[in-house]
Amino acid sequence: MLKKRIIPCLDIKNGRTVKGVNFVDIKDAGDPIELAKKYVKDGADELIFLDITATLEDRKTLISLVEKIAEEINIPFTVGGGISSVEDALALIKAGADKVSINSSAVKNPQLIVDLKERFGSQFVVVAIDTKSVDGRGKVFTKGGTYETRWETLQWAKEVEELGAGEILLTSMNSDGTKGGFDIDITKKVSELVNIPVIASGGAGKVKHFEEVFTKTQASAGLAASIFHFGEIPIPRLKEALKTNNILVR
Amino acid sequence: MIVIIKYNAGNIRSVQNAVARLGYESIITDNPKEIREATKVIFPGVGEASSAMSYLRERKLDEVILSLKQPTLGICLGLQLMCKSSEEGNTICLGIFDTETKQFLPEDKVPHMGWNSFSKKEDTTLLKGINSTDDVYYVHGYYAETCNETIATCNYIKEFSSVMQKNNFYAMQFHPEKSASVGEQLLRNFLELEK
């Protein structure tokens, strides 16, 4: 049976992880490779690296970082942030990224999804959707959640599937950072609507939040950052708890 | 020398990285002479079936692959191209394995993406040390139907060929290079095969 995936997300700035981590067994918590290796050892199913800077100089740093990650890491990883053309994606894929994630650039230019799919295949294309409830309806936000687009979340999710996305990374801005649980409502709606895998993101604070998102929605994976970085929920403990509750994990 | 056959798209470097982590050197090439002289050949697959087959035919690599006598491993699309045909782009393929590649019906999420196990039909050297509970990483929207050359199957939407073997030809639908320690064991098994 296909397993539910647990995915830690690492924010990268100028080649280093930010947001901080506190693992006693990691010498340099800012080194993305050290952290990635720790997660692989813990049983993470995939990794996502989000580059939160966009200067040209930092892109070069990112490319060489991706090359090093690809050399060291034996599980799939996605790279996102600042990808607005096939050339941007090609540089990352050549460096060894297994998938690229696009967000604002896809809304601005939906043709990019088609172009990436035709060049690399849909399994390389993750479309990240930042959603927020506005007057009771899920709306798509871009530019780091600062800009409300014309798209309703369900409508945009269906659109990206049709354009050729292989996966959707759905982040609820309502729940992100709250540690109050994943946004079950929108995750359920999107994951039932589309026939591609959906990664639930935003709000994980407890083991039971993962149980909830995997039992109440069709989400294929759960993503979190700080609860993993700060060791609040070690991945081995999370997976044991999920297994106890008959949720299939690796 | 271990040779990884070069394609026009995708990140086959990850296969080379995985081979390097096991302590082996390899080269990525589409040069027929280098491929023929290899000790082991890895035929990774990324991209789309019809354009991949055109790429191989233009360089006469289809004939080269069929003539190989050394252990040769197809991965993902590589496995599908080793079958008779593929529904992807209605493509005639290499015909090493006596089966066809079909598209998953949308009865569940497609692509089949993530960690899933396989069940062994035969215990062969390639699958040494692997248990039925071990998970490997799959990502594919097409699958090869089971046949006599299927040595392990996976069940997602329907039962399909996960691992195949015929003479010196081996193939895996999942990505051993991305399948953590289980994948490393499988790649090591392949790289340690006697000629």
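Note that the coordinates shown come from a computational prediction; the quantities given were computed from them, not determined experimentally.

Colleague: Can you lay out the overall build of chain A for me, pointing to particular residues and giving the numbers?
Modeller: Per the secondary structure count, chain A includes ten helices and eleven strands. Taken over the C-alpha atoms alone, chain A extends approximately 45 × 40 × 35 Å along its principal axes. Taking the intrachain contacts of chain A between residues at least 6 apart in sequence as the baseline, contacts between residues at least 24 apart amount to 66%. Of the roughly 10,300 Å² of accessible surface on chain A, 49% is carried by carbon and sulfur atoms. Charge-centre separation for chain A: the mean point of 34 positive side chains lies 3 Å from the mean point of 35 negative side chains.

Colleague: With reference to specific residues and values, describe the packing of helix α7 (residues 184-193) of chain A against helix α8 (residues 207-216) of chain A.
Modeller: Residue and element names in this part refer to chain A. Here α7 crosses α8 at 35°, and the two axes come no closer than 10 Å. Crossing hand, α7 versus α8: right-handed. Judged by residue contacts, Ile184, Thr187 and Lys188 of α7 engage Glu212, Val213 and Lys216 from α8. Tallied by class, the residues present in the contact of α7 with α8 amount to two nonpolar, one polar and three charged.

Colleague: How would you sum up the UniProt feature "active site" (unreviewed entry) in chain A? Please name residues and give values.
Modeller: Residue and element names in this part refer to chain A. Sequence positions flagged by UniProt for "active site" (unreviewed entry) are, in local numbering, Asp11 and Asp130. Mapped onto the fold, aspartate 11 is located in strand β1 (residues 5-13). We classify aspartate 11 as buried; its relative accessible area is 13%. Residues contacting aspartate 130, with those up to four places away along its chain left out, are Asn103, Lys139, Val140, Phe141, Gly145, Thr171 and Met173. Among the polar contacts listed, one links the side chain of aspartate 130 to the side chain of asparagine 103, at a separation of 3.3 Å.

Colleague: Help me get a handle on the packing of aromatic side chains, residues and values and all.
Modeller: All names here are of chain B. Within the structure shown, the criterion is met by 15 aromatic pairs over all chains. On the basis of an interplanar angle of 85° and a centroid distance of 6.0 Å, the ring pair of phenylalanine 104 and tyrosine 156 is categorised as edge-to-face. Here the residue phenylalanine 104 occupies a position in the loop between β7 (100-103) and β8 (112-116), and tyrosine 156 occupies one in strand β12 (residues 150-156), the gap between them amounting to 52 residues. With respect to burial, phenylalanine 104 and tyrosine 156 carry one shared label: buried. Here the aromatic cluster, defined as three or more aromatic residues joined through ring pairs, consists of Phe104, Phe118, Tyr138, Tyr143, Tyr156, Phe160 and Phe174.

Colleague: Can you break down helix α2 (residues 56-72) of chain A residue by residue, with the values?
Modeller: The first and last C-alpha atoms of α2 of chain A sit 25 Å apart over 17 residues, in line with the 24 Å expected at 1.5 Å per residue. Each element contacted by the buried residues of α2 of chain A is listed here: β1, α1 (32-42), β3 (47-51), β4 (77-80) and α3 (86-95) of chain A together with α1 (13-21) of chain B.

Colleague: If you had to explain the sheet that holds strand β1 (residues 2-5) of chain B to someone new, which residues and values would you point to?
Modeller: Residues and elements named next belong to chain B. Reading across from one edge, β2-β1-β3-β4-β14-β13-β12-β9 is the order of the eight strands in this open sheet, with mixed pairing throughout. In this open sheet, the two strands that pair with only one neighbour each are β2 (26-29) and β9 (119-120). Relative to strand β13 (residues 158-166), β12 runs antiparallel, the two being bridged by six bridges. By the bridge assignment for β13, threonine 150 is matched with methionine 164. Packing of helix α6 (residues 180-191) onto the sheet brings it into contact with β1, β3 (40-45), β4 (72-76) and β14 (169-172), and relative to β3 it is tilted by some 140°.

Calculation notes
Residues numbered from 1 in each chain as written. Chains lettered and ligands numbered in written order. Predicted model: local features only at pLDDT ≥ 70, side-chain atom pairs only at ≥ 80, totals over all residues. Heavy atoms only, no water. Helix = DSSP H or I, 4+ residues; strand = E, 2+ residues; numbered from the N terminus. Contact = heavy atoms within 4.5 Å. Areas by Shrake-Rupley, 256 points an atom, 1.4 Å probe, with all protein chains shown as cover. Lys, Arg positive; Asp, Glu negative; His and termini not counted. Charge placed at Lys NZ, Arg CZ, Asp CG, Glu CD. Axes fitted to C-alpha atoms, helices over the stretch in contact; angles between N-to-C directions. Left-handed = near helix turned anticlockwise from the far one by under 90°. Nonpolar A, V, L, I, M, F, W, Y, C, P; charged D, E, K, R; others polar. UniProt positions renumbered as here; feature names shortened; annotations may be inferred. Buried < 20%, exposed > 50% of the residue type's maximum accessible area, 1.4 Å probe, protein only. Polar contact = N/O pair within 3.5 Å; in protein donor to acceptor, adjacent residues only side chain to side chain. Phe/Tyr/Trp six-rings, centres within 6.5 Å; stacked < 30°, edge-to-face > 60°. Expected span 1.5 Å × (residues − 1). Pairing = 2+ DSSP bridges.

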